[in-house]
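# Summary of the model geometry
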Amino acid sequence: MTRRVLISGFKHETNTFCKWPADLAAYEARGLHRGAKVRTMAAGARIEIAAYLDAAETEGWNVVTPVSANATPSGPVTEHCFETITGEILRAIDIEGPFDAILLALHGAMVTTHLEDGEGELLRRIRARVGPEIPVGVSLDLHANVTRMMADNADVMIAYRTYPHIDAYETAAKVAARIAGVLNSNSRPTTTVARGAMIDGVDHGRTTAPGPMRDILEQADAIVEREDGVLNITVNAGFPWADIHDAGPTVMVVAEGTSPRYRQIADSLVEQIWCRRHDITIDPVTPDEAMREIARLGPGPKPIVVADFADNPGGGGYGDATGLLAAMLEAGLGNAAMTMFWDPEVAAICTEAGEGAELDLELGGKTDPAYGAPLRVHAAVKAVTDGAFRLEGPMAEGVQSRNGPSIRLGIEGVDVCVSTHRGQAFDLQHFRHFGIEPENMTVLAVKSAQHFRAAYAPIARAVIVADGGGGLTSRNYTSLRYDRVRRPVYPLDLE
């Protein structure tokens, strides 16, 4: 008998301090695909949906793909948006079911305007539809804020192990394999989740250098090897820029059946996260300090890469904070470039003016004056694009990126790549599609916190992380007002 499996995705990393909500337009801007277009979107891409579809082909499953939805991190998902996309998944279950299994690509840190736990509610509704016997498998981002409701309503939940996230495909393949095992053997795994008094930990999940995340993952792997019944252990760094009760690092144990031992294992690893809470592998500096370090390093054969950590659109930052760009212009850098700077107003003006135009502009700083005023600049329009290109990887390889009308401005020796849609710069194509070859530049600045390292570290002679507090993704958590998170909690109250 051919088994029928529903495959879908609904992702969002919610920064509750961001003023821009995620509505349907936000999903349409980045990726909202329905029906057969889900397969087209995933073809050739190293993402979760592609892994699920490949597993389905291997297993001979009959697949239904109602929707795959992903939006750039921002403020809460609107109620209308959540109910619309959730409704499409539930209608597929009602109309096209029954199904033998459900496979979902989620993020794990979705907050909506009416719910603290978007994924938990989605999974609860799915479980209510399909009953307790149908296995539900879920892939998550490493920065998931995993809740008890999520764990209670999923048989298998596994999150990425890498940051930058270069194992999305492999993670979903593990989920699919576990669900296939359930279907083929009638075993019933469970997911146990534990958390501590932290909203940040394990070096925020970084795996590009020796540190707490890699060490605790190694401990987790050793436990899986020696403990009967334990199938998988996930270490989640959590997402600290979410003012919800359950924000922060967690450990998930996927195991056969139920046992108090699984809770003990999860709690022991959470204790390790607590003991290593002060260990970080980055040393952020202010934008001015970054410029002094660039001057000290001097010219060289490879570019110096500067990350605008505090204004990372990949964590809900606005992408238009001006602090780092202002420092670059003040320093008189030559042969330098920055991407992706968000300013739809400037993108529209320059697109209309066309390539070769010279204009006086107010660039950036339009969202929140606390993160820098607009920069008054005289700029030359050096390129106009539609902002569409396919990512090279290694992160999200093969995914189509759509940033809306985008332009390249030349400003006093610095080329600034400006987009209509917000987005994080983590791929070399974020420069290349503007005609900039990254390896030929002296300084590259990226609106990114960590993901850029996958593509940029191999070509860089130095990496500098700039965090002057000028953005929504700064590590200065005490500058933000938390009202709903459990208290006391590190680092807001506990040290």
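This text goes with the structure placed above it.
This write-up is about the structure you can find in this document. (Residues numbered from 1 in each chain as written. Predicted model: local features only at pLDDT ≥ 70, side-chain atom pairs only at ≥ 80, totals over all residues. Heavy atoms only, no water.)

### Points about the side chain of T385
The cut-off we apply is this: Secondary structure elements are taken from DSSP: a helix is a run of H or I of four residues or more, a strand is a run of E of two residues or more, and numbering for both begins at the N terminus. Burial classification: accessible surface area is computed with a 1.4 Å probe over protein chains only, and a residue below 20% of its type maximum counts as buried, one above 50% as exposed, and the rest as partly exposed. Polar contact criterion, stated in full: a pair of N or O atoms within 3.5 Å, where within protein one must be able to donate a hydrogen and the other to accept it, and residues adjacent in sequence count only if both atoms are side-chain atoms. For this analysis, residues touch if any pair of their heavy atoms sits within 4.5 Å.
Within the secondary structure, T385 is located in strand β14 (residues 375-385). Looking at T385, the relative accessible area reads 15%, which means it is buried. For T385, the side chain forms a polar contact with the main-chain nitrogen of G387, separated by 3.0 Å. Here H433 takes part through its side chain, which lies 3.4 Å from a polar atom of the side chain of T385. Contact partners of T385, with chain neighbours within four places excluded, come to G404, P405, S406, H433 and F434.

### Topic: a negative patch on the surface
For clarity, the threshold we go by: Residues enter patches when their relative accessible area tops 30% and they take part in no salt bridge; the joining distance is 9 Å for like charges and 5 Å for the nonpolar side chains Val, Leu, Ile, Met, Phe, Trp and Tyr. Accessible surface is estimated by sampling points in the Shrake-Rupley manner with a 1.4 Å probe; for residues, cover comes only from the protein chains shown. Any carboxyl oxygen of Asp or Glu within 4 Å of a side-chain nitrogen of Lys or Arg constitutes a salt bridge here. A residue counts as positive if it is Lys or Arg and as negative if it is Asp or Glu; His and the chain ends are not included. Taken as the charge centre is NZ of Lys, CZ of Arg, CG of Asp or CD of Glu, depending on the residue.
A cluster of like negative charges, contributed by D283, D288, E289 and E330, occupies part of the molecular surface. Position of E289 relative to the elements: it lies in helix α10 (residues 287-297). Overall, E289 belongs to the partly exposed group, its relative accessible area being 35%.

### Here's the deal with the state of the cysteines
Cut-off, in case you're wondering: Any two cysteine sulfur atoms lying within 2.5 Å of each other are counted as a disulfide.
Counting across every chain of the model gives zero disulfides. This cysteine, C81, is not joined by any disulfide, and C18 carries the nearest cysteine sulfur, 14 Å off. Residue class for C81 comes out buried when judged on its relative accessible area of 0%. In this structure C417 is a free cysteine whose sulfur lies 12 Å from that of C350, the closest cysteine sulfur available.

### Looking at helix α9 (residues 260-275)
Spelled out, the test is: To estimate the expected span of a helix, subtract one from its residue number and multiply by 1.5 Å. The reported arc concerns the directions from the helix axis to the C-beta atoms and nothing else.
For α9, with 16 residues, the first-to-last C-alpha span of 23 Å sits near the 22 Å given by 1.5 Å per residue. Buried residues of α9: Y262, I265, A266, L269, V270 and I273, and no others. The buried residues of α9 all sit within an arc of 130° when viewed along its axis, so they share a single face. Looking at the packing, one finds that the buried side of α9 touches β8 (189-195), α8 (212-226), β9 (230-236) and β10 (250-256).

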